[in-house]
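Breakdown of the fold
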Amino acid sequence: MKAVQYREIGAAPEVVTVPDPEPGPGQVLLKVTAAGVCHSDIAVMSWPADQFPYPLPLTLGHEGVGTIAALGDGVSGSGLETGQSVAVYGPWGCGTCVKCAEGKENYCLRAAELGINPPGLGSPGAMAEYMIVDDPRHLVPIGDLDPVRTVPLTDAGLTPYHAIKRSLPKLVPGATVVVIGTGGLGHVAIQLLRALTSARVIALDVTEEKLALARTVGAHEAVLSDEYAADRIRELTGGTGAQVVLDFVGAQPTVATAGAAAAIDSDVTIVGIGGGALPVGFGVLPFNTTVTAPYWGSRSELAEVLDLAHAGAVDVHVETYTLDEAPLAYERLHAGKINGRAVILPQS
Ligand code: NAD
Ligand code: ZN
Ligand code: ZN
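The shown structure was predicted, so the numbers you read here are calculated from the model rather than taken from an experiment. (Residues numbered from 1 in each chain as written. Chains lettered and ligands numbered in written order. Predicted model: local features only at pLDDT ≥ 70, side-chain atom pairs only at ≥ 80, totals over all residues. Heavy atoms only, no water.)

A word on helix α7 (residues 208-216). Among the residues of α7, Lys210, Leu211, Leu213 and Ala214 are the ones counted as buried. The arc that holds every buried residue of α7, seen down its axis, measures 155°, which confines them to one face. Opposite the packed face of α7, turned more than 90 degrees from it, sit the exposed residues Glu208, Glu209 and Thr216. On its buried side, α7 packs onto α6 (184-196), β10 (200-205) and β11 (221-224). One or two steps after α7, the chain reaches Gly218, where phi turns positive at roughly 125°. (Buried < 20%, exposed > 50% of the residue type's maximum accessible area, 1.4 Å probe, protein only. Helix = DSSP H or I, 4+ residues; strand = E, 2+ residues; numbered from the N terminus. Arc of directions from axis to C-beta. Contact = heavy atoms within 4.5 Å.)

We now examine the site of ligand 1. Not every one of the 27 residues close to ligand 1 is listed here, only the nearest: His39, Ser40, Asp205, Ser225 and Arg341. In this structure, Ser40 approaches ligand 1 through a side-chain N or O atom, which is 2.7 Å from an oxygen atom. In this structure, Arg341 approaches ligand 1 through a side-chain N or O atom, which is 2.6 Å from an oxygen atom. Protein burial of ligand 1: of its 870 Å² of free accessible surface, 86% is covered by the chains. Within the residue set of the shell around ligand 1, elements represented by two or more residues are α1 (39-44), α6 and β10. Its residues placed into classes, the shell around ligand 1 shows 13 nonpolar, 10 polar and four charged. (Near = heavy atom within 4 Å. Polar contact = N/O pair within 3.5 Å; in protein donor to acceptor, adjacent residues only side chain to side chain. Areas by Shrake-Rupley, 256 points an atom, 1.4 Å probe, with all protein chains shown as cover. Nonpolar A, V, L, I, M, F, W, Y, C, P; charged D, E, K, R; others polar.)

This part covers the coordination of the zinc ion (ligand 2). Listed as protein donors to the zinc ion (ligand 2) are Cys38 (SG), His62 (NE2) and Asp155 (OD); their distances from the metal cover 1.8 to 2.2 Å. Mapped onto the sequence, the residues coordinating the zinc ion (ligand 2) show the spacing C-x23-H-x92-D. Pair noted here: Cys38 is in the loop between β3 (28-37) and α1 and His62 is in the loop between β4 (58-59) and β5 (63-71), with a separation of 24 residues, a long-range link. In this pair, the class of Cys38 matches that of His62, namely buried. (Donors = N, O, S within 2.8 Å, 3.2 Å for Na, K, Ca; no water.)

With that settled, the discussion passes to the domain arrangement of the protein. Taken domain by domain, the protein consists of domain 1 (2-155 + 297-345) and domain 2 (158-292). With 25 residues of domain 1 at the contact, the number on the domain 2 side is 21 residues. Both sides of the domain 1 and domain 2 interface together cover about 1,900 Å² of buried area, and 60% of this is carbon and sulfur. Looking at the side of domain 1 facing domain 2, the largest losses of area belong to Asp155, Glu301 and Asn339, adding up to 25% of the total buried there. Where domain 1 touches domain 2, the interface holds one salt bridge. The salt bridge involving Glu304 is made with Lys165; its shortest N-O contact spans 3.0 Å. Looking at the side of domain 1 that touches domain 2, the elements that each hand over two or more residues are α1 and α10 (299-310). The leading source of residues in the side of domain 1 that touches domain 2 is α10, at five residues. Taken together, the residues that form the side of domain 1 that touches domain 2 break down as 11 nonpolar, nine polar and five charged. (Domains from an automatic or database assignment. Buried area = accessible area lost by both parts, 1.4 Å probe. Salt bridge = Lys/Arg side-chain N within 4 Å of Asp/Glu carboxyl O.)

Moving on, we come to the packing of helix α5 (residues 158-166) against α6. Where α5 contacts α6, the two axes come as close as 9 Å, and the packing angle between them is 45°. Considering the angle they form, α5 stands oblique to α6. α5 and α6 meet at a crossing whose hand is right-handed. Packed against α5, whose contacting residues are Thr159, Pro160, Tyr161 and Ile164, the element α6 presents Leu185, Ala189, Leu192, Leu193 and Leu196 at the interface. The residue inventory of the contact of α5 with α6, partitioned by class, reads eight nonpolar, one polar and no charged. (Axes fitted to C-alpha atoms, helices over the stretch in contact; angles between N-to-C directions. Parallel < 35°, antiparallel > 145°, perpendicular 65-115°, else oblique. Left-handed = near helix turned anticlockwise from the far one by under 90°.)

Only Cys94 (SG), Cys97 (SG), Cys100 (SG) and Cys108 (SG) from the protein coordinate the zinc ion (ligand 3), and they sit 2.3 to 2.4 Å from it. Coordination at the zinc ion (ligand 3) is tetrahedral, judged from the four donor atoms that bind it and the angles of 104 to 115° they form at the metal. Going along the chain, you hit the donors of the zinc ion (ligand 3) in the pattern C-x2-C-x2-C-x7-C. With Cys97 in the loop between β6 (85-88) and α2 (98-101) and Cys108 in the loop between α2 and α3 (111-114), this pair connects stretches of sequence that are 11 residues apart. As far as burial versus exposure is concerned, Cys97 and Cys108 are alike and both buried. (Tetrahedral: all angles 85-135°; square planar, octahedral: opposite > 155°, others 65-115°.)

Rendered as structure tokens:
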């Protein structure tokens, strides 16, 4: 089968032919219908050899939807059937530690020690004609949802949902939430905020095209992300600042904006992995501001996000590419040219 692989440190991803995978005991084989392209892959492909944590070559793709092609020994009784359309929960854990018992496999206490890695981030991923899923518990049936517009919800939907959920008590009517970076994750975050809260949404990005998308998907205000952005947010909030700031870039200038735009008793959540850091200390940030950097989301949260999709509350903007075009999709993402999410269609 064909697969998109990162093969050599510093090199571009390549489309190669690899052996067809076969499901072992307890595993599920998916015929991949759609795989999302995440900016985290670009970060991963920029890491130097001495810090690279995964074996190479690595089949990319940590957002996957497919149809069940075969069930490994012992999987019968899971309720899954051949031909069913399913979304893959990506942050695989051990399944048995206390965090996994809560469904928070994204915070598994033992994954690193046991060498358990998500598909596309250590294990063979979804950018291939077929993929192996280690356990049926990682699959959520999606029914008649469109695989192409659903696949980004497994990360670009789940990650913002997890970030927003912790701050829901602060997103009361009259509150303001700032979304920094309105790309794959950010444009879904805006829709989730509009579906789940009545807070005012201020979106920040660096191009007019991205700000236009932010307005289309529901941002009340769209502001250029520059050194004046925090002042603009203070103006728009009558001097108070925002009760919640979600940073989907995480670079030094954006975390600085996030801290400067935060209100007293606010939540600042740094989702982007741009390497920025926001100092916390008495007098450094407004009183009682909490700052956190979450990772992905829990199993039950993925089910909740997919329920929102069934209810028509989210409409992911997608650009589609064939497997052969996947390297081009990464180039365009790197250049900031994707509006919404790029999705690879391995069967076309
Ligand atoms: P993306 O490229 O689709 O979107 C990023 C957006 O940020 C783009 O619209 C870009 O124009 C904008 N941007 C760039 N610089 C900016 C600035 N200075 N101010 C405002 N906007 C700016 O990327 P994505 O796939 O949505 O991922 C977003 C970030 O989240 C990445 O850093 C990614 O690695 C990270 N991520 C983290 C998790 C997690 O679990 N913490 C999960 C998925 C992705
Ligand atoms: Zn991702
Ligand atoms: Zn665990």
